[in-house]
Every structure is written in structure tokens, then in C-alpha cells.
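Each chain is listed here by its residues.
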Amino acid sequence: MQDETRKINHSLMVGWTVIVTILSGAYIGEVVKGQRDWGYVAVFMAVTLIPYLVCQFYYHRNPGWEKLRYRMVWGYSMMYMFCLLTGSTSMVCCYVLPLLSLLILYHQPELILWSGVLSVLLNIISIILRFLSGDLTLETSKDAEIQIALIILCFSFCYVAAKMYNEIHIKNKEVMAELEEKNVQASQMTMQTVMTIVNTIDAKDEYTKGHSQRVSEYAAALAEEIGLPETEVERIRYIGLLHDIGKIGVPDAILNKPGRLNTTEFSLMKLHTVVGGEILKDINSMENLDEGAKYHHERYDGNGYPEGLEGENIPLVARIIGIADAYDAMTSHRVYRKRLSDEAVEQEIRRGAGTQFDPKLAEAFLQLLKKGTLQAIESDKFDAQDGSEDSVGGELLLRLLDDAGAYNSAETGRDSMTGVHNRTHGEQMLADYIKSGEGCLMTIDIDALRNINSMQGFLKGDLYINTIANLLDRSFLNKILYRSSGDEFVCFLCGVTKTEYALKNAQILLESIEQMRAEDEELAELSVSIGFLIVRAGEFTVNEALSRAERAVYFAKQKGGGHISNYHDLAPNFQPALSKEDLNNLLKRIHKQGSYSKAYEVNYPEFARMLNYLERVAERNDQQMQVIMFTLLAADEESVTIDQKQEAMRQLEAAVLTSLRKVDVTVQFSSSQRIVILMNMSRDNLQSITHRISSAFYKSDTNKLFSLNYEIADMAPIEE
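A brief look at the structure comes next.

Definitions and cut-offs
Residues numbered from 1 in each chain as written. Predicted model: local features only at pLDDT ≥ 70, side-chain atom pairs only at ≥ 80, totals over all residues. Heavy atoms only, no water. Pairing = 2+ DSSP bridges. Helix = DSSP H or I, 4+ residues; strand = E, 2+ residues; numbered from the N terminus. Axes fitted to C-alpha atoms, helices over the stretch in contact; angles between N-to-C directions. Contact = heavy atoms within 4.5 Å. Salt bridge = Lys/Arg side-chain N within 4 Å of Asp/Glu carboxyl O. Buried < 20%, exposed > 50% of the residue type's maximum accessible area, 1.4 Å probe, protein only. Parallel < 35°, antiparallel > 145°, perpendicular 65-115°, else oblique. Left-handed = near helix turned anticlockwise from the far one by under 90°. Nonpolar A, V, L, I, M, F, W, Y, C, P; charged D, E, K, R; others polar. Arc of directions from axis to C-beta. Expected span 1.5 Å × (residues − 1). Core = buried A, V, L, I, M, F, W, Y, C linked by side-chain atoms within 4.5 Å.

Below, the discussion takes up the sheet that holds strand β2 (residues 479-485). A sheet is described by the order of its strands in space; here five strands give the open sequence β2-β3-β1-β4-β5, paired in mixed fashion. The strands lining the two open edges of the sheet, one partner per strand, are β2 and β5 (564-566). Each neighbouring strand pair of the sheet contributes to a mean axis angle of 20 degrees, computed without reference to strand direction. Pairing geometry for strand β4 (residues 528-535) and β5, over three bridges, is parallel. Paired with Phe532 across the strands is Asn566, a residue of β5. Sitting on the sheet, helix α19 (residues 499-519) is in contact with β1 (439-446), β3 (488-494), β4 and β5, with an inclination near 160 degrees to β4.

This structure, assessed with the given rule, holds 17 salt bridges. Here Lys294 ties to Glu307 by a salt bridge, and the two come within 3.3 Å at their closest N and O atoms. Remark: Glu307 occurs in the loop between α11 (291-295) and α12 (316-330) and Lys294 occurs in helix α11; sequence separation between them is 13 residues. The salt bridge partner of Glu348 is Arg351, with a shortest N-O separation of 2.5 Å. Taken together, the residues Glu348 and Arg351, both in helix α13 (residues 342-352) and three residues apart, mark about one turn of the helix. Overall, Glu348 belongs to the partly exposed group, its relative accessible area being 35%. Connected through shared salt-bridge partners, Glu217, Glu234 and Arg237 make up one network.

So, on to the pairing of strand β6 (residues 625-634). Burial of β6 is extensive: nine of the ten residues sit out of reach of the surface. Here seven bridges tie β6 to strand β8 (residues 673-679), and the two strands are oriented antiparallel to one another. Bridge assignment links Phe630 to a residue of β8, and that residue is Arg674.

Our focus in this paragraph is the packing of helix α8 (residues 230-241) against α12. It is the contact of α8 with α12, at a shortest axis distance of 10 Å, that shows an interaxial angle of 60 degrees. When the axes of α8 and α12 are compared, the pair comes out oblique. The handedness of the crossing between α8 and α12 comes out as right-handed. When α8 is examined against α12, the residues Arg235, Ile236, Ile239 and Gly240 are found in contact with a partner set consisting of Val317, Ile320 and Ile321. A class-by-class count of the residues in the contact of α8 with α12 yields five nonpolar, one polar and one charged.

Residues Val345, Ile349 and Gly352 constitute the buried set of α13. The buried residues of α13 occupy an angular sector of 70 degrees when the element is viewed end-on, so they sit on one face. The outward face of α13, more than 90 degrees from its buried face, is lined by the exposed residues Glu343 and Arg351. Among the residues trailing α13, Gly354 stands out with phi positive, at a value near 90 degrees.

As a further point, take helix α2 (residues 38-61). Over its 24 residues, α2 extends 33 Å from the first C-alpha to the last, a length consistent with the 34 Å expected when each residue adds 1.5 Å. Taken residue by residue, α2 has Tyr40, Val41, Phe44, Val47, Thr48, Pro51, Tyr52, Cys55, Gln56 and Tyr59 as its buried positions.

Before going further, it helps to examine the nonpolar core. Side chains that are nonpolar tend, in soluble globular proteins, to be buried together. Within the largest apolar cluster, 40 residues are counted, with the highest numbers of intra-cluster contacts made by Leu222, Tyr327, Ile349 and Leu374. Mapped onto this core, the elements with two or more residues apiece are α7 (211-225), α8, α10 (263-280), α12, α13 and α14 (359-371). A total of eight residues in this core trace back to one element, the largest contributor, which is α12. For Tyr327, the contacting residues outside a window of four places in its chain are Tyr218, Val345, Ile349, Phe365, Leu369, Leu374 and Gln375.

Okay, the environment of Glu287 next. With respect to the helices and strands, Glu287 occurs in the loop between α10 and α11. Residue classification places Glu287 among the exposed residues on the basis of a relative accessible area of 57%. What Glu287 contacts, discounting residues up to four positions off in sequence, is Arg235 and Ile239.

Take the packing of helix α18 (residues 458-475) against α19 next. Axis separation between α18 and α19 bottoms out at 11 Å; the angle between their running directions is 130 degrees. What the angle tells us is that α18 and α19 run oblique. Between α18 and α19 lies a crossing whose hand is right-handed. Residue-level contacts link Thr467, Ile468, Leu471, Leu472, Arg474 and Ser475 of α18 to Leu509, Ser512, Ile513 and Met516 of α19. Class assignment of the residues belonging to the contact of α18 with α19 gives a composition of six nonpolar, three polar and one charged.

This is a description of form; function is not addressed.
This is the structure we're talking about:
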């Protein structure tokens, strides 16, 4: 705002200077011609120059002063009044129009309005004086009338124009402020996502926690020291954060090896520069983002890797990050040595100048050491930006997560988010083990994760997922642990064959979660459902065992979440379908929980509020609600895989959505069931809809593994 005012003030002062100069020259010319005397010119100069010089004084003290415009208007008005009362009235527009052209720069309607009122009053006074002196009569007043009309017309048009321009200007400012706020938010989210990636990278090497953050800050400080512009400093800070992203493809055993690496191991370690460059090379959101990752291990003498670049052929950003990376390595503790002393670090940098390091950069880095700038940079600088906020980063860093995660998952068999085994690798390990081994198979399902993601953001959901993964990983030693789906983990406890031990382990998990919820408000809504069964050697195939565990966890979730279910305690003839009485009991529980609504298709936690809404509509319009529960039944439940069941549920969902009216509501109720709520529908139409849904499902179900069962019931109002 002040920059804009400064520019307008400058334009107004220049314009006023031009007007004063022209008028002064004109009056001096009249004196030379004998038309004026020097006394008149002296008064004009006093009336004109004194306000002008005062405003010049204020302008040079503070060019952005907003009230300067009012001083200028009063100063100009004094000159205008003098010229109007002593000069020729035919020249009045020559004085009015310059004032208007200057005032309109401020696009302030009020300023133009009061200037116009003052101008009209001064002209009326001038005309009255001319009438009194006899210079003007009613017969010769035509010019005076035109004079007043022109002034009113000019100021009126300028007032309207200024008002319109001001409205546009205000809207533009609001839009710009909103865009600026969004840019700030985007920048914050980008930094949070960068830090998520960085922390993931640094976590692979237990001896380099905070390494990427420190290198980033050291590099930025060096870039600033050598006089790079602020935008370039920020670019180097980001590139520094991601310089080790290629380590995501290096085996943990090599990263954490306490001794020296052998030739083969060192060759694998060197690949992290190439891998990092490949991950970042196609990202266009930041110029040359890959240079820091790919070339930060090049040496000034040409003996570095991966390409052996020499001297200034090494990109500047890589030379800067290279010296920052080396400094952090020297000042960090290692399992095989303590950090070097400040004197030793200084000697190493001097020794490496011209060989390992760019000599000019090395000298600038030593200056930073002498100032104490680097020592003040601490590893916890980014604690507030570790990615724990409810937000998602920009396209650039989501791409990084996808690329890095895909590389990690494909190469190591690990889930890219949690670090535990992925489903493919985990199921293969489990299948191999249960051929001859025995133990307890647990399925752990995070309750209402979809609702948490939609209501509180995916980062909160990711926090819950990682928390459960870490809890499972540290709670059991001899285990097979993997993430089987977005909200579900499978944990096989090798050798645990007694039900009481299995139950005790499951209870310990729930107690641990309760304790974490009490200690950390971020985890206040975290809960899991656990289903388990004892697996004997060769008793089940992996699909059969997983199907039974899935059934057990389903039964646990029907109890409301945060419960444990033992498959062996289930009735032999247990079916996923619930009776009408069970359904009514469940609806009562849901009805009391409350949630939020969304039209047409809703998620399970949102079911309660939608049901409340429909009940109120039905009661107000004296209408009846009906409920249909569709249940998938397999001829051979034990042989059906989880993937096959999920695919069948997707086909059922599609069949339901294409058959309903916009006023109807549907929700997935369990891994095998979907509920539909309809309003005021006749029994014949109910049968027609169920037939339509069934037909659509059977047409899409190419595997023919499931039959579709349904129950219809009227839904009476549920008491709170």
C-alpha cells in the first residue's frame, strides 16, 4: 500500500512542478510584455511556491505519506483561487483540468467531491465579484454559466470514474490479498511436505538425524555470504533439503554399517546421487532441482562422482551443497568416531580448498565459521515443520513422494509410508511360513479412518497409520508384519499358539493405544478393531487364514470399534448378514453418535446425521422410510480372497448408485454389506428397485463367486 501511495505522490509532485513552472513562465512573460507588474508576480510566487515547497519538504521526508495528498490539494487550491480571482476567467479550465488529472490518480471519490465543491464555490464567488464590479451583467453572463456548468460536469464525471475505479481497485486488492494468503499457505504446505520427505530420508540412517535440514541451512548461509539474490538463496535451501533423496534406494544395512564400506558397498552407496537425480530431473516446478542431488559429491579437482566433473563445470549449487555436506559430516557424531573439533574442521576445509572444494567457496565458508553463523544453526530448527500439520503439499512434492515411494517399495518390499512390509511381500512371507510354522494371525483395522481423512485431512490419517505401524513393530519381536490395505495391518506372531496369550497380546495393544490417546491429543480419536485366530502348521492356505481373520475383525467392528474378536469363538454358522433386530440395535447406536451429512452417497460415520435428517423430513411430511440391506454371500467363504470380495463390493456399489433416486441414501455397512435408505416408496417399487440392483450386480459379476441377499424393512423413528 505504501509503495502505491509513494508512486502516486511522486506523480502528483511532478505534475504540480510542471504546472507551477508553466504558470510562472507565463506570468513573467506578461511582465516582460508590460501586461503585469512584478508585484503581482511576487504575490503569485508567494501564494504558489510556499505551499509547493512545504509539500516538497514533506514528500522528501516521507514519500509514502498518505496525508500528503490533502496538503497538495490545499496548496493547489490557493494557487487556483489566486489565479481565478485575479486572472482571466476564460482560462479557468486550464486550472481545473490539471487538478482533476492529478486527483484522479488517487481514485478517491471523496477527495474529488470536496475539491469540486470548493472549486464551484470559488467560481461562484468570482462571478459574484464580477457582477458587483460591473464587469458582468445578465446579458453577458453566458460565459459564466458555461464556466460553472463545465466545472460541475468535469468534477461529476471524474467523481463517477473515480468511484468505479476505486471499487475495481478494492476488489483487485482483495483478490491479491487472497492470492497472497494462498501462496503463503501453499508455501507452508510445500515446506511441510518437503520435511516429511526429508525426515523419511534421514530416518533411514540412524546416525544422521537432521542432516538434510542442517545441510540446507549451511548451504543457504553460504549462498547469502557470497552475495546471491534472495530468490536464489531460497532455491538452494530447497535443493539442499532434497540432496540426499537418492538414499531412499540404498539398503539400510549399508547406510548404517558402523565400519568402512567395502568396494561393492561403496559402489551401491555412490548410486544414491544417480537415483536422486533421476527422481528429481523431470520436476519442472523449480529450475535444476536435480543438480544438488546428482552432483554434490563431485570434487573441484575432478576426482568425485558420479561423472567426475571438474572446477566450475560442477554446478554452483552442487559446489555449495558439497562443502555444506562435508561440514555436517565432520561435525556430526558417528558410531566409529566423535565429531571433529572446530580447529580440525577448519584445517580440513583449508586442506580441501582447490581439491575437494571450490577455493572461493571454501574461503567464504571459513568466514561463516569465524562469525559463528554455522554454529548457531541447530538441528531442531524445523521441528515445527515436520509434516505433522493437516495439510497436503504441492504437486512437486507429491510427485517426489510417489516417485521415491515407488522406488522404495519395488526395491525393498516395504510400504513407502510406514516402512513395514508391503502386502505383496508380506503375504508371500506369511504363505511360506504357515506351510510348516504356526502362530497367531491378527488383523488390525483402524476404526473410521476414511472419516478422519475426509474431516481432518490425510496427514492426520497418515499420522494414525504410522502410529499403529510403529506400535506393532516395537511391540512384538518374532513376527511377520505388513500393511494389507489403507487402514489395515496383518501381524502374525510366530510361535504363539495359545488363545490366552494371543488375547493378552491384543489387549496390550489396545491398552497401549489408550495410553497414547491420553498423552497426545493428536491421537485422541485413534482406535482399532482386532480379529485373530490360531493357525496350525499346514492347516490353512494363506487366503483361508486371512479370510478367517477378516471375518473376526469384522465381528469386532460390529461391537463399535476398539474391540477384540477371536475367530474360534464365532458361531459355526455365523453369516455376515444381520437380522432385522440386530439392524435396529445397530441403528440406535449410530443414531446417538452423530456426524455430518453429505447428499446421496455417504460414508459409514456420516450415516447417523443423514438418518436423523431423513427422519425429520419423513415426520414433517408424514412419509415412511424403508431400509434395504444387501449382503454378499459366498458359496465357499473360505476360498474367497480379500481382493475378490473388494471387487464384488465395488460392483455392488456401482449397481446401487445407478439404480437410486437423488433423494435416496446408500452407505457401505461392512466388508460384505451395503445399506440403502429410501423415502416413501411403495412395496411394488421396492421390489422393482431390488430387482434392478440385483440384475445390475449379476451382470457385472463375471467371477460368479457371490450371491446377493437382501432384506427389506420399514424404519420406524428411533428414540434418542
